[in-house]
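Listed below, chain by chain, are the residues.
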Amino acid sequence: MRENLDDAVALVTGASSGIGEETTRALAAVGADIALLARREGRLSNIASDLEADFGVETLVLPTDVRDEDAVESAVESAVDTFGRLDVVVNNAGLARGSDVASLTTDEYRQMMDTNVDGVFYVSRAALPHLRETTGNLIFVGSFAGQYPRPANPVYAASKWWVRGFAHSLEGQVGDAGIGITVVNPTEVRTEFGSEDGDSFEVRFESGEVTEPEEIANAIRFAALQDDSTVSELDLYRRDKFSGW
Ligand SMILES: NC(=O)c1ccc[n+]([C@@H]2O[C@H](COP(=O)([O-])OP(=O)(O)OC[C@H]3O[C@@H](n4cnc5c(N)ncnc54)[C@H](OP(=O)(O)O)[C@@H]3O)[C@@H](O)[C@H]2O)c1
């Protein structure tokens, strides 16, 4: 396991808030230069300035919608053109919409599938050739909802089951090329998650009630520091998750 990520480059999707934002900080804190990808450019620029000031790393802001495959290809190429390499890629961008399948709109369905599934595929496909060159780490943010049934949102759950199925199958395909593949599965985390359809999780849950995004970012960093083993899967659950099951 590496002691730091000096001379390494990390690309984080969904870097404009929550788990992604904290992941950029966790990786920059151990020396990685950071490419920040999401749609909200202003947010990314502010976070990038803070990373440069706080950790002395280089950054690149990539305002990109992961649902646009050409834009994703260009963003990954631009990161490699700028930094010359790619050692860590974190597939984190994702969201949940709606709940009841019977009343879920096609737009809500498409937004989840296009972001959580197609976006993850586009980013992975674009990144793999570069990770092969560095024998780097490709890390996916899955979910407890991708491990157990989620009656509250079956489509979101299915998108996260896809992420885990894809990640572990890919582990079999590229492991012998030296690429590490990790899935990190959180339970509830206090972020902007859920804000599309109501209160965000950071509003819904008090501090101390569930997981903070820094904790997930630290787990992602542990996976990113591996240079030999693969941390295949990491489950970070709130301690009372199984109470009353
Ligand atoms: N919070 C939880 O309880 C929880 C639990 C388990 C798993 N997760 C997973 O954790 C990941 C991060 O979520 P979070 O909790 O940190 O929520 P968040 O604060 O809402 O962050 C979501 C991030 O995804 C980005 N994003 C959404 N759609 C995008 C698109 N089309 N293209 C590019 N970026 C997009 C958003 O940026 P822009 O809006 O700027 O594009 C934002 O940076 C998601 O995959 C989520 O499913 C969350």
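Bear in mind the structure is a predicted one, so any value in this text is a computation, not a measurement.

### Here's the deal with the packing of helix 1 (residues 18-28) against helix 7 (residues 213-224)
Part 1 of the reasoning: Two elements in contact, helix 1 and helix 7, have axes separated by 8 Å at closest approach and are oriented at 50 degrees. Overall, the two elements helix 1 and helix 7 adopt an arrangement that is oblique. Pair helix 1 / helix 7 crosses with right-handed handedness. Together, G18, I19, E22, T23, A26 and L27 of helix 1 and P213, E214, I216, A217, N218, I220, R221 and A224 of helix 7 make up the contact between the two elements.
Part 2 of the reasoning: Looking at the contact of helix 1 with helix 7 residue by residue, the class counts come to eight nonpolar, three polar and three charged.

### So, the pairing of strand 6 (residues 180-186)
Part 1 of the reasoning: Within strand 6, seven of the seven residues are buried, which leaves it mostly tucked inside the rest of the structure.
Part 2 of the reasoning: Both strand 5 (residues 137-141) and strand 6 contribute to a ladder of five bridges, which runs parallel. The residue bridging F140 from the neighbouring strand is V183, located in strand 6.
Part 3 of the reasoning: As for the winding sense of the linkage, the β-α-β connection from strand 5 through helix 5 (residues 154-174) to strand 6 is right-handed.
Part 4 of the reasoning: Relative to strand 7 (residues 233-236), strand 6 is paired through four bridges, and the arrangement is parallel. Across the sheet, the residue bridging to N185 is D235, located in strand 7.

### With respect to the site of the ligand
Part 1 of the reasoning: Inspection of the region around the ligand gives 30 residues, with S17, R39, N92, Y156 and T191 positioned closest.
Part 2 of the reasoning: Side-chain polar atom of R67 to a nitrogen atom of the ligand: 3.5 Å apart, as the coordinates give it.
Part 3 of the reasoning: A distance of 2.8 Å separates an oxygen atom of the ligand from a polar backbone atom of V189.
Part 4 of the reasoning: Protein chains bury 96% of the 880 Å² of accessible surface belonging to the ligand in isolation.
Part 5 of the reasoning: Mapped by element, the contributors of at least two residues to the shell around the ligand are helix 1 and helix 5.
Part 6 of the reasoning: Its residues assigned to classes, the shell around the ligand comprises 11 nonpolar, 12 polar and seven charged.

### Brief notes about the pattern of salt bridges
Part 1 of the reasoning: Under the definition given, this model contains 15 salt bridges.
Part 2 of the reasoning: Here E188 and K241 are joined by a salt bridge, their closest N and O atoms 3.1 Å apart. With E188 in the loop between strand 6 and helix 6 (201-204) and K241 in the segment after strand 7, the pair connects residues that are 53 residues apart, well separated along the chain.
Part 3 of the reasoning: What you see here is one network of salt bridges that share partners, running through E188, R238, D240 and K241.

### Thoughts on the sheet that holds strand 7
Part 1 of the reasoning: Read across the open sheet, the seven strands follow the order 3-2-1-4-5-6-7; overall the sheet is parallel. Two strands lie at the open edges of the sheet, namely strand 3 (59-63) and strand 7, each paired on one side alone. Here the average twist between neighbouring strands, direction ignored, is 15 degrees.
Part 2 of the reasoning: Strands strand 2 (33-38) and strand 3 of the sheet are contacted by helix 2 (residues 41-55), whose axis makes an angle of about 170 degrees with strand 3.
Part 3 of the reasoning: Lying over the sheet, helix 5 contacts strand 5, strand 6 and strand 7, oriented at roughly 160 degrees with respect to strand 6.

### Focus on the packing of aromatic side chains
Part 1 of the reasoning: For the structure shown, the criterion picks out 11 aromatic pairs.
Part 2 of the reasoning: Each ring, one from F144 and one from Y237, has its centre 5.1 Å from the other, and the planes form 85 degrees; the classification is edge-to-face. Separated by 93 residues along the polypeptide, F144 in the loop between strand 5 and helix 5 and Y237 in the segment after strand 7 bring together distant segments of the chain.
Part 3 of the reasoning: For F144, a relative accessible area of 4% gives the class buried.
Part 4 of the reasoning: Through pairs of rings, three or more aromatic residues link up here, namely F144, Y148, Y237 and F242.
Part 5 of the reasoning: Here R164 stacks its cationic end above the ring of W161, 6.0 Å away from the centre of that ring.
Part 6 of the reasoning: The ring of F144 has K241 sitting right over it, with the charged end atom 4.7 Å from the ring centre.

Thresholds, definitions, all that
Residues numbered from 1 in each chain as written. Predicted model: local features only at pLDDT ≥ 70, side-chain atom pairs only at ≥ 80, totals over all residues. Heavy atoms only, no water. Axes fitted to C-alpha atoms, helices over the stretch in contact; angles between N-to-C directions. Helix = DSSP H or I, 4+ residues; strand = E, 2+ residues; numbered from the N terminus. Parallel < 35°, antiparallel > 145°, perpendicular 65-115°, else oblique. Left-handed = near helix turned anticlockwise from the far one by under 90°. Contact = heavy atoms within 4.5 Å. Nonpolar A, V, L, I, M, F, W, Y, C, P; charged D, E, K, R; others polar. Buried < 20%, exposed > 50% of the residue type's maximum accessible area, 1.4 Å probe, protein only. Pairing = 2+ DSSP bridges. Right-handed = clockwise from strand over helix to strand, strands pointing away. Near = heavy atom within 4 Å. Polar contact = N/O pair within 3.5 Å; in protein donor to acceptor, adjacent residues only side chain to side chain. Areas by Shrake-Rupley, 256 points an atom, 1.4 Å probe, with all protein chains shown as cover. Salt bridge = Lys/Arg side-chain N within 4 Å of Asp/Glu carboxyl O. Phe/Tyr/Trp six-rings, centres within 6.5 Å; stacked < 30°, edge-to-face > 60°. Lys NZ or Arg CZ within 6 Å of the ring centre and 35° of its normal.

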